[in-house]
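# Topology and contacts: notes
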Amino acid sequence: MATDIIMPQMGESIVEGTITKWLKKPGDKVQRDEPLFEISTDKVDAEIPAPASGVLQEIKVTEGTTVGVNTVVGTIAADGEAASKPAAAPAKAAPPAETSASAPPAVAAPSRARTPEPAPPAKEEDEEARSSPLVRKIAREHGISLSEIPATGLGGRITKQDIMQFIESQASPQPSPAAPAPAPAPSAAPRPDSAPSSAPAAAAPRPAAPAPYPGDLVPMSNMRKLIAKHMIESRRTSAHVHCMYEVDFSRIVSLRNKLKSGFEQRHGARLTFMPFFVRAAVMALQQWPIVNATIEGDNIRYHRYINMGIAVALDWGLIVPVLKNAGDLNFLGLQRGIADLGERARNKRLKPEDVEGSTFTVTNPGQFGAVFGLPIINQPNAAIMGVGGITKQPMVITDQDGTDSIAIRSVVHLTLGYDHRLIDGAVADQFMAQVKKNLETWSEEVG
């Protein structure tokens, strides 16, 4: 008897979800608890495991469709039952035979269909695992098999640049192999990283690929819609003010360089800078609890715990998982908690409770080279701290005798975005001065 696949309820307040991707196609074997499809809800994007082992018999709800919780979205049949009904699944939702498992029938454009093959190449699953959701989305939109794309990323990963260069090379006219090509003009010179000559020659010529810059009109993803909604709501809700502090980070840079190798050997985790910033903020929040508070109507809620939101940039958007009770964790606990949340966010393993209940947020635009940022408050928090890039700069150093000198120091700029309805400028500045002091005079055990 077939097993129904249902849209799960990912939290008490969740009433619907959008299927963003099927990881299997009808006829594929599945194992119980193996990731089967991806969904997007108001809270999280997540991979949903198969409820039983067998064969994916039918996909009832296609990618991009939003349905209520407990809706049957597909069925899994036992191996024997599936074999007795070979035509049941493909009739409804099977993609063209050569399309990768990630390509839904709803988005496979007929004009870009390629000559069917008996079965998808075995390499396709490997390429699927070594590419980001953004790369796979671009591949689906342009009808490209990932196995055709030369990979230049770390560990053979297909990057966005790889696929865009492949699209450009396919859109460009190729010289005829039957006659010597004339010397090309400089503007027509082939790219050194274009697709190899072994790319399928029998494929029909492609129309010029749409450029990934102004001129395109593409629908927003569900996550992008939610981000847009939340950012506008935050701007309308809070009276945003920002202050920025320059911090001499040399002490911590030196400490990390000295300890990182032993730290990783002892704990099996990389020693990063983020737990230093989080710990410094936690200690300051314990002294200035108003910065950890929330406005509720005409009242102020002083939270008992510090639940630290850690902004994580993903290929497909931004999410803020929450490190609960951060004030009760030591440095090692912070490092492990931050790493775990980041890893699960990137692999779509977060649960709704992982993104709820933050009381303060830290975001790190500095990892991309920003000197500092002016972040928007993560509602219903009253403040958010932005971490800039760590750079070496000349600074005036005053010794104990009052003598000034110029030295090269590691410097980071920290920004506090705060709700002026609740936090006065003087309080915000005192809070950030304490964060700065905590970092510049760091004395806590790292582990």
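Below or above, wherever it landed, is the structure these notes cover. In this text the structure is predicted, and so the values were computed from the model without any measurement.

Conventions we followed
Residues numbered from 1 in each chain as written. Predicted model: local features only at pLDDT ≥ 70, side-chain atom pairs only at ≥ 80, totals over all residues. Heavy atoms only, no water. Salt bridge = Lys/Arg side-chain N within 4 Å of Asp/Glu carboxyl O. Helix = DSSP H or I, 4+ residues; strand = E, 2+ residues; numbered from the N terminus. Buried < 20%, exposed > 50% of the residue type's maximum accessible area, 1.4 Å probe, protein only. Patch = residues over 30% accessible without salt bridge, like charges linked within 9 Å, V, L, I, M, F, W, Y side chains within 5 Å. Areas by Shrake-Rupley, 256 points an atom, 1.4 Å probe, with all protein chains shown as cover. Pairing = 2+ DSSP bridges. Axes fitted to C-alpha atoms, helices over the stretch in contact; angles between N-to-C directions. Contact = heavy atoms within 4.5 Å.

Counted according to the given criterion, the structure contains 12 salt bridges. In this structure, the salt-bridge partner of K24 is E34, at a minimum N-O distance of 3.0 Å. Taken together, the residues span a long stretch of sequence, with K24 in the loop between β2 (16-22) and β3 (29-30) and E34 in the loop between β3 and β4 (35-40) at a distance of 10 residues. On the basis of relative accessibility, which here comes to 25%, the residue E34 falls in the partly exposed class.

Right, let's get into a nonpolar patch on the surface. Residues M244, V371, F372 and L374 make up a contiguous nonpolar surface patch of roughly 370 Å² in combined accessible area. Relative to the assigned elements, V371 resides in the loop between β16 (360-363) and β17 (383-387).

With that out of the way, let us pick up the sheet that holds strand β5 (residues 45-49). On the basis of which strands lie adjacent, the open sheet formed by 4 strands has the order β5-β4-β2-β7 and antiparallel pairing. A strand with exactly one partner marks an edge of an open sheet, and here the two such strands are β5 and β7 (66-68). Within the sheet, the average angular offset between the axes of one strand and its neighbour, ignoring direction, is 40°. Where β4 meets β5, 5 bridges bridge the pair, whose relative direction is antiparallel. Residue pairing in the sheet places S40 in a bridge with D45 of β5.

So, on to unusual backbone geometry. P380 follows Q379 through a cis peptide bond whose omega is 5°. Among the structural elements, P380 can be located in the loop between β16 and β17. For N325, which is not glycine, the phi dihedral falls at a positive 55°. Residue position: N325 is located in the loop between β15 (322-323) and α9 (331-346). Residue classification places N325 among the partly exposed positions, given a relative accessible area of 31%. Of note in this structure, K348 is not a glycine but carries a positive phi near 55°. Within the secondary structure, K348 is located in the loop between α9 and β16.

This part is about the environment of Q9. By the element assignment, Q9 lies in the loop between β1 (3-6) and β2. Taking the C-alpha atoms as reference points, Q9 and G68, separated by 59 residues in sequence, lie 8.7 Å from one another. Setting aside residues up to four positions removed in sequence, Q9 forms contacts with I14 and V69.

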